[in-house]
Structure formats: structure tokens, C-alpha cells
Amino acid sequence: MQASPRVWMPRVLLLLGLLSVPLLHAATLTPTPTPILTRRAPALPTELPALAFTNPFVAGVTYRTNPPGLQDILGFPAATRAASCAEILRCLQTWTNAAPDRCRLVEYARSHENRPLHLLFISSPDNLRRLDEIQSNLERIADPRQGTPAEIKALIDHTPAVAWLAATIHGDETEGSDALLVVSHHLLASTQDSVAQLLERLVVVVDPVMNPDGRDRFLKMIDEHRGTAPNVDDQSLLHTGYWPWGRGNHYLFDLNRDWLFAVHPETRGRMREVARWNPVLFVDAHGMGSQETHLFSPSREPINPHLPAHRKLWGDRFGIEQARAFDQQGLLFYNGEWAEEWYPGYSDSWASYRGAVGILYEQARIAADGVRRPEGRILSYRESVGHHVVGALANLESTARHAPEMLADLRAA
């Protein structure tokens, strides 16, 4: 009796499948070059270099014991790991209680997960005492409907400018927040005459965590994947995280696109305060690929033609002065590439439309420990934080030096 196709056809297909297995297996085992290997150093050290970056964030500075330093508050050396939102708030509250004549803490919004967002105002004791008057003066200077030219000139001559430092609008780009803790302590505790003079000319507004929900979500991922030994492979989950990562807020929305729409409470609170204080400088600190270096403004084209005319002048000047600060320390950086100023809904560009000098930072992002670089050395988290510190202090010095001119341009914008 002849077998029906229903019987013999499956057997033939099974036999053909078995015959093809060795061929498929051989193809699977054939080595293929992987592009990621091309960016590794040809000869790597046999031992892991020390992850500790021991250089001081600011060389040759003596600090007061009051307010206390970051290690005294947090229990670990500054920027050896990313501080949580609760730890950052502990620092801000401790400093406000210890030095109320030099700083003031303001809660300006709550995130979707009910985390508070704060601004830390840092300035000289005299400026802090008349902070409300300064805010009112800046409002008059920025409003072309108010005041005669002589009145406005008198206000500019006697009113400190506001410099706004903001970080971590993308929650998994963590270094900026830790850098602003270092900068805040430096401004509050340094005994340098230059710092005292800077705070006479400026009110520094520190917005340390623009996206607290995303930051704490990402720090949870770091804790989940941390091992007993340092992990310097930037492809690991320790450094990359997993979906939904930490970039967005509670609703996974990119808050650095929300300035145009003002959908989320973090953005609405921040826009209200920027409008109240009219800063002449707005720094927006980000992170990028860990095999990069450091990028800062000015950007490349396209540049929106509706930006105030003075924006390019100051952007170029600040870029030169920040580059000089990086060169003095032998740090790698670049600017004028890939970052554009066309979309008006980024943090720095939105502030620029209000007359500020908006500056973007992008630092090679290190989630924890450190990352092995193409040249074979380890870029540690603390060193990565230090690059943000250098840029922020350089920008503050530039703002203090040019404050009257920048206030005049704020008026003209």
C-alpha cells in the first residue's frame, strides 16, 4: 500500500532540516569583525588603573568649616558616586540652615511623583538681604515699557545680574547635579576674595535637579547592577540602564522639549521662575556618549533668526573664555558641532529668547565607577563631574566680568 503524502512528507522535511543543521551551525560560528572593537586601544593595561580622581575640583582654595562640606553631609567624598534627590536636598537644607546670610532655598514645583524641585539662591549677604528688591529691579530692566533710559542705567549700575545654573533635565545624565553641589559649596565656603567679589556682582541661582523622577529611577538601575568590583565597560547595564531608562520624567516625556508646550509641572514651575528673575546666563548641563569628551556652546547652524542679536556675540565670547579655562587644565573639549539652536523649546534656547545667554554642556557620561576610554585610561565619575565644575565656574566669572553689558542687552532684547 502506497503511503500518503500526509505520512511521508513530514519525514522528508525533517531529514532536510537535519542535513542543514551543520551548515547553519558552521555559519553561526564564522567569526565576523565587530565595529565596537575598533574604538578600543590596541594594547590595554593588564591591571585596572585606580578609579580615584584625586585632583581638587578647584586648586589652591581654602574652605570655611561652616557651611559643612559634601563629605560631612553625605558620608562619602564629593562626586565619588551620584547623589540621590534626597541626598541633594539634604545638602541644600544643611547649607541654608548653616549659612542663611549667604543662601536661600525655594521650592518652586513638585514633580508628578511629588518630588520637590528647589532653587538655591547664592549671593553676598548684602544682596541676600535685598533679594526682593533685586528681583523687582530686574523686572523693570527687562521690561521695555518701564523706566526712562536714565532710570534704567541707574538700576543696571546698582543691580547684580542673575546667573542660572541648571542640570539633569535628562535623569540619566547625572554628573551635572553633582557638579552643582560642588559649585554651590565652593561659592558658599571659599575664602577667596575673587569669590566674594563675584557674589557681589551676581545672584547665582542653582537648579540642581530638573528631572528628579528620572534621576531617581536611573539611580535605582545603577544600584541593581552594581557589583563588588568596579565595572568600566560602557556597554554594561550598569552604565546603560534598561527601558524606560531615566531620560524622561514620570510620563517618560523629554522635559528638554517641553519648554515650547509647558505640559508638565516641572516645566511650568521653572518657566515661571525664569520669567520672574530674568537671568542673563542660563547654563543647561547634559551628558552624552561616554566615549566622547566635552561639548559646549556656541552651536553650529541652523540658528533660529528670531534669537536676540546679542546672542551670537556673547555665545562666541563665553565659548572663548570657557575654552581657555579647559586649556589651562589640559582638558579635551570641542564646540560648534552637532548642537543646534533652531528649536525654541530647549532649556538654553528658550532662556535665550528672553535675553539670556543660553549655554549647553554635554559631558562624556559616566553612570558609576568609571569607563575605559579608547586610549586605554579610565575616566572616572568624579573626573567627569569635574569637567562640569570647570565650565560652570568659567561661565560665572565671565558673567560677573560682563554683568552691566549683559543687563543692557537683556533690556534691548
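This text follows the structure it describes.
Described in the following lines is the structure provided in the data block. (Residues numbered from 1 in each chain as written. Predicted model: local features only at pLDDT ≥ 70, side-chain atom pairs only at ≥ 80, totals over all residues. Heavy atoms only, no water.)

### A closer look at the environment of S184
If you trace the backbone, S184 turns up in helix α7 (residues 175-189). Judged by relative accessible area, which is 1%, S184 ranks as buried. Through-space distance from the C-alpha of S184 to that of L92 is 8.9 Å; in sequence the pair is 92 residues apart. Apart from residues no more than four positions distant in its own chain, S184 is found in contact with W95, L120, I122 and V206. (Helix = DSSP H or I, 4+ residues; strand = E, 2+ residues; numbered from the N terminus. Buried < 20%, exposed > 50% of the residue type's maximum accessible area, 1.4 Å probe, protein only. Contact = heavy atoms within 4.5 Å.)

### Brief notes about a nonpolar patch on the surface
Residues L237, Y242, W243, W245 and L252 make up a contiguous nonpolar surface patch of about 520 Å² in total accessible area. Structurally, L237 is set in helix α10 (residues 237-240). Residue class for L237 comes out partly exposed when judged on its relative accessible area of 41%. (Patch = residues over 30% accessible without salt bridge, like charges linked within 9 Å, V, L, I, M, F, W, Y side chains within 5 Å. Areas by Shrake-Rupley, 256 points an atom, 1.4 Å probe, with all protein chains shown as cover. Salt bridge = Lys/Arg side-chain N within 4 Å of Asp/Glu carboxyl O.)

### What about the packing of helix α12 (residues 310-328) against helix α14 (residues 381-412)?
The geometry of α12 relative to α14 is characterised by a closest axis approach of 9 Å and an angle of 145° between their N-to-C directions. In the crossing of α12 with α14, the sense of the turn from one axis to the other is right-handed. Seen from α12, the contacting residues are H310, W314, R317, F318, E321, Q322, A325 and F326; seen from α14, they are H387, V390, G391, A394, N395, S398, T399, R401, H402, E405, M406 and D409. For the contact of α12 with α14, the class distribution of residues is seven nonpolar, eight polar and five charged. (Axes fitted to C-alpha atoms, helices over the stretch in contact; angles between N-to-C directions. Left-handed = near helix turned anticlockwise from the far one by under 90°. Nonpolar A, V, L, I, M, F, W, Y, C, P; charged D, E, K, R; others polar.)

### Some thoughts on the nonpolar core
Core analysis: the largest hydrophobic core is formed by 104 residues, its most contacted members being W95, I122, L165, V204 and L396. The leading source of residues in this core is α14, at 13 residues. Those residues in contact with L396, other than ones at most four positions away along the chain, are A163, L165, V183, L187, L198, L202, V204 and L281. In this structure, M288, L295, Y334 and L360 belong to the second largest nonpolar core, which totals five residues. (Core = buried A, V, L, I, M, F, W, Y, C linked by side-chain atoms within 4.5 Å.)

### Quick notes on the pattern of salt bridges
Per the stated rule, a full pass over the model turns up 28 salt bridges. Among the ionic pairs, D178 bridges to R215, the shortest N-O distance being 3.0 Å. Linking D178 in helix α7 with R215 in helix α9 (residues 212-225), this pair joins segments that are 37 residues apart in sequence. Exposure remark for D178: the relative accessible area of 4% places this residue in the buried category. Using a relative accessible area of 0% as the deciding quantity, one classes R215 as buried. Note that E341 is salt-bridged to R311, the shortest N-O span being 3.0 Å.

### Comments concerning the pairing of strand β5 (residues 281-288)
Along β5, eight of the eight residues are buried, which leaves the element largely enclosed by surrounding structure. Judged by which residues are buried, β5 turns out to be covered on both faces: L281, V283, A285 and G287 on one side and F282, D284, H286 and M288 on the other are all buried. Both β5 and strand β10 (residues 357-364) contribute to a ladder of eight bridges, which runs parallel. Bridge pairing links D284 to L360 in β10. (Pairing = 2+ DSSP bridges.)

### Observations regarding the environment of T94
Within the secondary structure, T94 is located in helix α3 (residues 85-98). Assessed through its relative accessible area of 24%, T94 is described here as partly exposed. Residues T94 and P67, spaced 27 residues apart in sequence, show a C-alpha to C-alpha distance of 7.7 Å. The contacts of T94, once residues within four sequence positions are left out, are P68 and I73.

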